[in-house]
Amino acid sequence: MNSKAVGDFFHQMFPNEAHQYTGILHLLLHFAWTWIGMISQSEDNTEKFIENVVSMFSQHHICFDFLERFPKQTFSSHITEMVQDGFKTMDVVMGSTANVVLVYGEIQSMMTLRIMYNFAAFEDLPMMAKAKVWIMTAQTDFTSFPFQKDWDIDFLHGMISFAVHSEEHFGFQKFLQIRNPVSEKQDGFIRVFWENAFNCFFPKAGVDKADEEICTGEEKLETLPRSVFEMRMTGHIYSIYNAVYAIAHALHAMHCSKFNQTVKENGRRQKCLNRQMWQLQHFLRSVTFNNSAGEMISFDKNGELIGGFDIINWVTFPNQSFLRVKIGNVDPLAPPNNRFTFHDDATVWPIRFNQVLPLSVCNDHCHCGYSKAKKEGEPFCCYDCLPCPKGKITNQEDMDDCFQCVEDHYPNNNQVLCLPKVITFLSYKEPLGTSLAASALSFSFITASVFGIFIKHQDTPIVKANNRNLTYMLLISLLLCFLCPLLFIGQPEKLSCLFRQTAFGIIFSMAVSCILAKTIIVVLAFMATKPGSRMRKWVGKRLEIFIVLSCCLIQTLICTAWLTISPPFPDVDMHSMNEAIVLECNEGSPLMFYCVLGFLGFLAVVSFTVAFLARKLPDSFNEAKFITFSMLVFCSVWLSFIPTYLSTKGKYMVAVEIFSILASGAGILGCIFSPKCYIIVVRPDLNKKDKLMRNK
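Please read these numbers as outputs of a predicted model, since none were measured by experiment.

Quick notes on the rules
Residues numbered from 1 in each chain as written. Predicted model: local features only at pLDDT ≥ 70, side-chain atom pairs only at ≥ 80, totals over all residues. Heavy atoms only, no water. Pairing = 2+ DSSP bridges. Helix = DSSP H or I, 4+ residues; strand = E, 2+ residues; numbered from the N terminus. Axes fitted to C-alpha atoms, helices over the stretch in contact; angles between N-to-C directions. Expected span 1.5 Å × (residues − 1). Contact = heavy atoms within 4.5 Å. Core = buried A, V, L, I, M, F, W, Y, C linked by side-chain atoms within 4.5 Å. Buried < 20%, exposed > 50% of the residue type's maximum accessible area, 1.4 Å probe, protein only. pLDDT = per-residue confidence, 0-100.

1. Some points on the sheet that holds strand β1 (residues 35-40)
Logical step 1: On the basis of which strands lie adjacent, the open sheet formed by eight strands has the order β2-β1-β3-β4-β5-β12-β13-β14 and mixed pairing. Looking at which strands have only one partner, the edges of the open sheet turn out to be β2 (63-69) and β14 (340-342). Direction aside, the axes of adjacent strands within the sheet are offset by 25° on average.
Logical step 2: Note that strand β4 (residues 133-136) and strand β5 (residues 160-164) share two bridges and pair parallel.

2. A closer look at helix α3 (residues 46-59)
Logical step 1: Here α3 is 14 residues long and its end C-alpha atoms lie 20 Å apart, about the 20 Å a rise of 1.5 Å per residue gives.
Logical step 2: Buried residues along α3 sit in contact with α2 (17-30), β1, β2 and β3 (100-104).
Logical step 3: Immediately downstream of α3, the backbone of H61 shows phi near 65°, a positive value.

3. Let's talk about the nonpolar core
In globular proteins that are soluble, nonpolar side chains generally tend to be buried together.
Logical step 1: Counting 67 residues, the largest nonpolar core has F454, L474, F504, F634, W638 and F673 as its most contacted members.
Logical step 2: Elements represented by at least two residues in this core include exactly α10 (431-456), α11 (461-464), α12 (468-483), α13 (494-528), α14 (541-565), α15 (590-613), α16 (624-647) and α17 (651-682).
Logical step 3: Per-element tally for this core: the top contributor is α17, with 13 residues.
Logical step 4: Listed in part, the 45 residues of the second largest apolar core include V133, A250, I297 and V330.

4. Here we look at the sheet that holds strand β23 (residues 580-586)
Logical step 1: Spatial strand order, β21-β23-β22: three strands in an open sheet with mixed pairing. Across the chains shown, the open sheet's two edge strands, defined by having one partner strand only, are β21 (422-424) and β22 (569-573). When the angles between neighbouring strand axes are averaged without regard to direction, this sheet yields 25°.
Logical step 2: Bridge count for β21 against β23 is three bridges, and the pairing is parallel. Bridge assignment links I423 to a residue of β23, and that residue is I581.

5. A look at the confidence of the model for the protein chain
For any part of a model where pLDDT is low, the fine detail of the predicted coordinates should not be relied upon.
Logical step 1: Averaged over all residues, the pLDDT of the protein chain equals 83, while 87% of them reach at least 70.
Logical step 2: Predicted confidence for residues 262-273 stays below pLDDT 50, and this span has 16 contacts to residues more than four positions away or in other chains.

Right, here's the structure in full:
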């Protein structure tokens, strides 16, 4: 067949084998069988099949656990070696984790397979417990040695085989029923078959078999189990039937052509041109006819039969009979989407699988939420299943890698699904936003109440002490500080983002500068009381206004530069929180934000230092001790704010800043004004100049 000279005269009553490769591949993919084994005959023409199939199947992620060979059929003197080789092969097959075995062979392969199976069973290998789904190629068919006709064929139950497409010919059974070896003595084959099939003999001269039954010729072929003889037209019989008729049609065409072509001599036909028998191949290759089953038979340019394959499911019975059930077909002439058909519901599986679709994979499938990881030294069909890393998912089985959700989605807990992220911001409607807003309003109300108390008692000594105007400015600043967090709550908008940090920075700078001015005035007032001191000219409204305005002006310039260079703006944070899209204010320039905090911290440290040094001055109106405590609280809050702010995400960053504003403002209000309010409201008897004055 590999020789071109011979190949030109070769006509194959077998469709293009590539269609069979494709059919087997579709069958495996249809049932997701990716881990299989193969047994093939020990012949040279097997190499081409293995080469084509292994390469094609590997491209579609199907692996072979083993590639075994049938033992070579040999003479009786080597039968022991053949059996040993067969047992070794069967041991590999039955020990494999692959539940599907592809068998590539020819007619005699079935006989060898039955020998291997029965000898393996004889060696106590638990064959039924390890039943396989056998897939037979169309070259293989059921046949037996005479001594095998009583052997069990249960291991073929549920087998799937390919067969050359055939049509039932109803005249075939009638033809078989009238066969009679007695009247057809010229057919020596039928007499030998008859004796083996019916366990009888035809009398022969000089041969005495008294212990055996004599064949009458009246025995009925239809009484034989199918393991001995099949009454229907199988794919192989159908091929022989078509081959005979193809030759007949080719001979007829050649014969007609012989009489239609003559040589003209002297203007008239003289003789026919003789045809040589080797010229038959030309007519055979071009022959086309409809057989008696109604199917058109023709050959392609390579001399191969144009046709497809049937897919057969085998059902065995206890009486050693079986039934071939057509459950699909491979039709290369059909449209691409219909070339492969299969009827799952009609398929019978081996008893071991309890009519449940068998699995044939190297390992369990990787479920959603896991990805495949290759096992070193193993075929690519064998892999480990690793859980997806945090933030990634897989939504199909056996995915090679996990993937991330789109930005506005996040993985669920099982990492098998992407869920839409919720939009979040610090809202008035949620408990955290409500409590912070309520706290801000409460502190604002308290500050306003203190301010009202001081206005009502503005002429009392304790209100007049340590500069009444600075006290009013400080209270107004604190009131604005407590209202400032309301800019931070709610959905970020352009104006709120633009002014909330700058308002916070300027207002708090005003409050701290008032405290600094009060502290400096205390120190200067004490120094001015000393005889001959030149500090008296510095004590007055001009100094306190200068301190407050200069500090506020510096902070205002920093904020103006911030708004000019890189102003804050509304932004969307997709990444800081896994399950939410955070609506936030982007600070624009973090450096400028920390410059605002830095200047505020500088004022607080200076105020704390001056107040701490002046805390023991012998002055009845000295509130340096209270300022020291208030600045200690203020600095502690904002020193804690920076690491806490950097370690939180989303709306909780805003909550941390609001809490720091409220806590630091409450510290100033409580430490500086609560002692004075106590005296004004609870102990008015102490709010007298002679009571408040004390000497060193």
